[in-house]
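# Chain and residue survey
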Amino acid sequence: PAMDSGGRMTTVFHPVAATARAHPNHTVLHTPEGELTALELCQRVAKLAASLATQGVCAGKPVALLGPPSLDWVIALHAIGWLGAIAVPVGPGPGAVIDPSVAFVLACHVPAPSGRQLLEHTPATTMHPEPNWRLSDVRLWMQTSGSTGSPRHVPLTTSQLFFSAMGSTIRLGHQPEDRWLSCLPLHHIGGLSILYRCAWLGTCAEVHPRFEPSLVNRRIDAGGVTQISVVPTMLGKLLDDRNMRPFPQSLRVILLGGAAAPPALLARCRTLAAPVACTWGMTETASQVATARPGDLPRQAGQVGPPLAFARVTAADNGQLEVEGPIVGEPLRTS
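All of the points below concern the structure found in this document. (Residues numbered from 1 in each chain as written. Predicted model: local features only at pLDDT ≥ 70, side-chain atom pairs only at ≥ 80, totals over all residues. Heavy atoms only, no water.)

## Topic: helix α3 (residues 71-82)
In plain terms, the rule: Elements are defined by DSSP. Helices are runs of H or I of four residues or more, strands are runs of E of two residues or more, and each kind is numbered from the N terminus. Multiply 1.5 Å by the residue count of a helix minus one, and that product is the helix's expected span. Only protein chains enter the accessibility calculation, which uses a 1.4 Å probe; a residue is then buried when its area is under 20% of its type maximum, exposed when over 50%, and partly exposed in between.
Here α3 contains 12 residues, and its C-alpha end-to-end distance of 16 Å stays within 8% of the 16 Å for a straight helix at 1.5 Å per residue. A large share of α3 lies buried, amounting to 11 of its 12 residues. Buried within α3 we find L71, W73, V74, I75, A76, L77, H78, A79, I80, G81 and W82.

## Some details on empty space enclosed by the protein
Applied cut-off: Put simply, the grid is 1 Å and covers the protein atoms alone, a cavity is a trapped set of points that fit a 1.4 Å probe, a pocket is an open set with protein on both sides within 12 Å along at least five of seven lines, and lining residues have an atom within 4 Å of a point. Grid points are joined across faces, edges and corners, and a volume is the space filled by probe spheres set on the points. Here the nonpolar group is Ala, Val, Leu, Ile, Met, Phe, Trp, Tyr, Cys and Pro; Asp, Glu, Lys and Arg are the charged ones; every other residue, Gly included, is treated as polar.
Applying the stated rule across the entire model yields 3 cavities of 30 Å³ or more. Estimated volume of the largest cavity: approximately 120 Å³. Taken together, 14 residues make up the lining of the largest cavity; nearest its centre are V28, L41, H78, C198 and A199. Broken down by secondary-structure element, the contributors of at least two residues to the lining of the largest cavity are α1 (15-22), β2 (27-31), α2 (38-54), α3 and α5 (189-201). In terms of residue class, the lining of the largest cavity is built from 11 nonpolar, 3 polar and no charged. Roughly 50 Å³ of internal volume is contained in the second largest cavity. Around the second largest cavity, the lining residues are S168, T169, L172, G173, H174, D178, W180, L201, T203 and Q227.

## Here's the deal with the side chain of T19
Along the chain, T19 falls in helix α1. Judged by its relative accessible area of 8%, T19 falls in the buried class.

## With respect to helix α4 (residues 158-172)
End to end, α4 covers 21 Å across 15 residues, agreeing with the expected 21 Å (1.5 Å per residue, within 8%). α4 sits mainly inside the fold: 12 of its 15 residues count as buried. Of the positions making up α4, those classed as buried are T158, S159, Q160, L161, F162, S164, A165, G167, S168, T169, R171 and L172. Looking one or two places after α4, you find G173, whose phi comes out positive at around 95°.

## So, the sheet that holds strand β3 (residues 34-37)
Within a sheet, each strand pairs with its neighbour through backbone hydrogen bonds, oriented either parallel or antiparallel. For clarity, the threshold we go by: What makes two strands pair is DSSP finding at least two bridges between them. To obtain each axis, a line is fitted to C-alpha atoms, and for helices this fit is confined to the stretch in contact; angles are then taken between N-to-C directions over 0 to 180 degrees. Any pair of residues with heavy atoms lying within 4.5 Å of one another is described as a contacting pair.
In spatial order, the strands read β3-β2-β12-β11-β13-β14-β15-β16; together these 8 strands make up an open sheet with mixed pairing. Since the sheet does not close on itself, it has two edges, and those belong to β3 and β16 (287-291), each with one partner. Neighbour to neighbour, the strand axes of the sheet diverge by 25° on average, direction disregarded. The sheet contact formed by strand β11 (residues 179-182) and strand β12 (residues 204-207) spans 4 bridges and is parallel. Looking at β12, one finds that S182 is bridged to V207. On the sheet, α5 packs against β11, β12, β13 (227-230), β15 (276-282) and β16 and is oriented at approximately 155° with respect to β11.

## Some details on the packing of aromatic side chains
This is how the line gets drawn: Any two rings among Phe, Tyr and Trp, with Trp reduced to its six-membered ring, count as a pair given centres within 6.5 Å; such a pair is stacked if its planes are under 30 degrees apart, edge-to-face if over 60, and tilted if neither. Distance and angle both matter: a charge sits over a ring if NZ of Lys or CZ of Arg is within 6 Å of the ring centre and within 35 degrees of the ring normal.
Applying the stated criterion across every chain yields a total of 4 aromatic pairs. With 4.9 Å between their ring centres and 65° between their planes, F163 and F310 make a pair best called edge-to-face. Placement of the pair is F163 in helix α4 and F310 in the loop between β16 and β17 (312-315), with a sequence separation of 147 residues. Among the aromatic residues, ring-to-ring pairing joins W133, F162, F163, W200 and F310 into one connected group. Taking NZ or CZ as reference, R21 lies 5.5 Å from the ring centre of F13, over its face. Lying over the aromatic face of W180, R197 brings its terminal NZ or CZ to 4.6 Å of the ring centre.

## Let's talk about the sheet that holds strand β18 (residues 321-325)
Reading across from one edge, β17-β18-β19 is the order of the 3 strands in this open sheet, with antiparallel pairing throughout. Either end of the sheet is taken by a strand with one partner, and the two such strands are β17 and β19 (329-334). Ignoring strand direction, the axes of neighbouring strands in this sheet form an average angle of 20°. Pairing of β17 with β18 involves 4 bridges; the strand directions are antiparallel. Residue A315 lies in a different strand from β18, and its bridge partner there is L321.

Below you can see the structure in the form of structure tokens.
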């Protein structure tokens, strides 16, 4: 990685490429369409990036990414980033909004809107050269209503995504054979952050197109899934489907966020000794801000855990909180 005149690191290696060099035969992506090793994913990404480059995509250009979670969607996300362009994940349905400044649209298995340049998802025969990522560059535009209720796009940089991934890992732990099951929407940061976290750690992301409690439980019970992210309603459905059957020891993290966990749900988790880690985060912080250790369930409603290693949270005026650290860039006040 490059350094500036003061000896500060300014770039990092692309995480997909770095993992392919270190562990080429390690499975890093599992979907209903199939699995890819680190080397296979890297090659697929570099070839699609070469194709997108011939279609006009380049560094700094925002590209709307449409479609349900799938193998092609993940490849497209990383290919957009491979070129230094900005990925703009767009939610499903007729209410989806594409920012007017986004000229390029890459649609995976869904009809694409007219009026913008539609990109082909056909890979080239050659691979685009491997890039480095500048820490200050914007990687994503994420749509959020936040606490204001007004939809807006939030830019997230390489630095925010990197420090978010490292802070989460320090709190939750890391094993080379980890597999994080993703059944959250990928146009929200809670789901999308899983892909970047796994890319930097060289672990496997198991991506499901939708949340199906019985399927998720079968995958957990099969022993390969070690981590999963859910919101309280999803966890309640998983517990209902299990009918009080304990989770296997192979599942070491249930990251629970998105809303306050009801006391009754936490009581059920406590009975099962479920490895729940309550968390609070925001789009603006590239996901988690404060997270408990797995199994350290709160005794009071609304509690989560201490801030991550790269976050500091303090009380501000008018009942707001101020978040500081590299996961957010400039200090951020939030209600």
